[in-house]
Structure formats: structure tokens, C-alpha cells
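Structural features, examined
Listed below, chain by chain, are the residues.
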Amino acid sequence: MTDEQNTEMTASDIAADIAVPEHLLYSDDHVWVDDSVDPAVLGITEFATGQLGDLVFVDLPEVGTRVEAGDEIVQLESSKAVSPMISPVAGVVKYVNREAYDDPSVVDTDPYGEGWLVKIELDDDEPDLLSADEYAKVAHD
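Residue numbering note: each chain is counted from 1, following its sequence as written. The predicted nature of this model means local features are confined to residues of pLDDT at least 70 and side-chain atom pairs, given and counted, to a pLDDT of 80 or more, with totals for whole chains, interfaces and linings taken over all residues. For side-chain calculations, the full set of non-hydrogen atoms in the structure is used, while hydrogens and water are omitted.

**Quick look at unusual backbone geometry**
Selection criterion: What counts as a helix is a DSSP run of H or I of at least four residues, what counts as a strand is a run of E of at least two, and both are numbered from the N terminus.
Following Asp38, the chain continues to Pro39 via a peptide bond in cis, the omega torsion being 5°. The residue Pro39 is located in the loop between strand S2 (31–34) and strand S3 (40–44) in this model. Backbone geometry at His30 places phi at a positive 70°, although glycine is not the residue there. With respect to the helices and strands, the residue His30 is situated in the loop between strand S1 (25–26) and S2.

**Things to note about the UniProt feature "modified residue: N6-lipoyllysine" (unreviewed entry) in the chain**
The condition is simple: UniProt positions are given in the numbering used here, feature names are shortened, and annotations may be inferred rather than shown by experiment.
In this numbering, the UniProt entry assigns the feature "modified residue: N6-lipoyllysine" (unreviewed entry) to Lys80. With respect to the element layout, Lys80 can be found in the loop between strand S6 (72–78) and strand S7 (82–86).

**Some remarks on the sheet that holds S1**
How we decide: DSSP-based pairing: two strands are paired if at least 2 bridges between them are found.
If you trace the six strands from one edge of the open sheet to the other, you get S1-S2-S3-S9-S8-S5, paired in antiparallel fashion. Of all strands in the sheet, those bounded by a partner on one side alone are S1 and strand S5 (66–67). Two strands pair when backbone bridges link them, and strand S8 (residues 91–96) and strand S9 (residues 118–122) are joined in this way by five bridges, in the antiparallel orientation. Directly across from Val93, in S9, lies its bridge partner Ile120.

**Focus: the sheet that holds strand S4 (residues 55–59)**
Strands pair in a sheet through their backbones, by hydrogen bonds, and they do so in one of two ways: parallel or antiparallel. Short version of the rule: Note on geometry: axes are lines fitted to C-alpha atoms, helical ones only across the stretch in contact, with angles between N-to-C directions running from 0 to 180 degrees.
With respect to topology, three strands assemble into an open sheet ordered S4-S6-S7, the strand pairing being antiparallel. Edge positions in the sheet fall to S4 and S7, since each has one partner strand and no second. Going from strand to strand, the sheet's axes swing by 25° on average, the running direction of each strand aside. Alignment of S6 against S7, held across five bridges, turns out to be antiparallel. Across the sheet, the residue bridging to Val74 is Met85, located in S7.

**Focus: the side chain of Ser27**
Note the following rule: Between N or O atoms, a polar contact is any pair within 3.5 Å; within protein, one atom must be a potential hydrogen donor and the other a potential acceptor, and residues adjacent in sequence are included only when both atoms are from side chains. Only heavy atoms matter for contacts: two residues are in contact if any of them lie within 4.5 Å across the pair.
Looking at the secondary structure, you find Ser27 in the loop between S1 and S2. Only 3.1 Å separates the side chain of Ser27 from the backbone nitrogen of Asp29, close enough to count as a polar contact. Residues in contact with Ser27, not counting those within four places in the same chain, are Pro88, Leu129, Leu130 and Tyr135.

**Remarks on the packing of aromatic side chains**
Selection rule: When the centres of two rings from Phe, Tyr and Trp lie within 6.5 Å, Trp using its six-membered ring, the rings pair. Their planes under 30 degrees apart give stacked, over 60 give edge-to-face, and anything left gives tilted. Partly exposed residues are those whose accessible area sits between 20% and 50% of the maximum for their type, while under 20% is buried and over 50% is exposed, using a 1.4 Å probe and protein chains only.
On inspection of all chains with the given rule, the structure shows three aromatic pairs. Ring plane angle 15° and centroid distance 4.7 Å describe the contact between Tyr26 and Tyr135, whose orientation is recorded as stacked. Placement of the pair is Tyr26 in strand S1 and Tyr135 in helix H6 (residues 132–140), with a sequence separation of 109 residues. Of the two residues examined, Tyr26 and Tyr135, each falls in the buried class. Ring centres of Phe57 and Tyr101 lie 5.9 Å apart, and the angle between their planes is 65°; on these two criteria the pair is classed as edge-to-face. With a gap of 44 residues between them, Phe57 in strand S4 and Tyr101 in helix H4 (residues 98–102) connect regions that are remote in the sequence. Since its relative accessible area comes to 39%, Tyr101 is described here as partly exposed.

Quick look at the structure:
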């Protein structure tokens, strides 16, 4: 086995080790939503950070931006690729995480805490999201 094979983790290896906090809701696109607070907090899951690799740049939306479910609202750039974060909810961006902009590694090290990305004042319609158990099954497939 080569050194590269030793260090490269497969998606299933990453999924087996990921945290999936019970109090959050999730999208199939590996975005978490905490709608227990107002405005709701969004970020990417630990699975997504593992897939992306070390982030080097995070492009955040402007505060006041109107977002529809399915919109690309954040661009995440890693050494591997540039990937969009797809919003699973509709509403208006109220806050963005400037710390994540200044130091994207905070998203890698604490995706469910200090690594949040945006806070959105949600529209009244109920978002179609997954529970922690449902998301864990998606991430492990």
C-alpha cells in the first residue's frame, strides 16, 4: 500500500466517523440548519468538510440577500475544488460569519459551532429537511 493510499480516506470512511448532532436538521446537500433560534443558523456538515478537504476561501452572501431554497448562497473553496453551499431554506440573510471568511479553517475544525456560515430569517413555510437519523443514513450511503 502506498503512502497516498494510507492517507486518502474514502467517503464511507469519513461517513463512519462523522458527528451528526441530534438537535439540527439536514439537507441531502450536507447543509445543517438550526431552526430552534431566530434567525436560523446554517452551515455545512462534518461529512461535507471531510469531502471538501481543508478550506482556503469562503465566499459569503451580502447581508440582506433574499434566498430561495435551492439557491447557491456560499462558495467553498478548498485545495481540491470549489463547491457551492445550496440553501435548503428560503428567507433573508441577516448575518454572515466573518470569522469563517477571515479564517476558513474554523469551518473545518468546528462545523457545527464557530464554523457556522449564515443566519437567515426564515420564511413561514416549513422547510423539507432531514432529521439527524435520516441524514446519518444519507451520509453513510
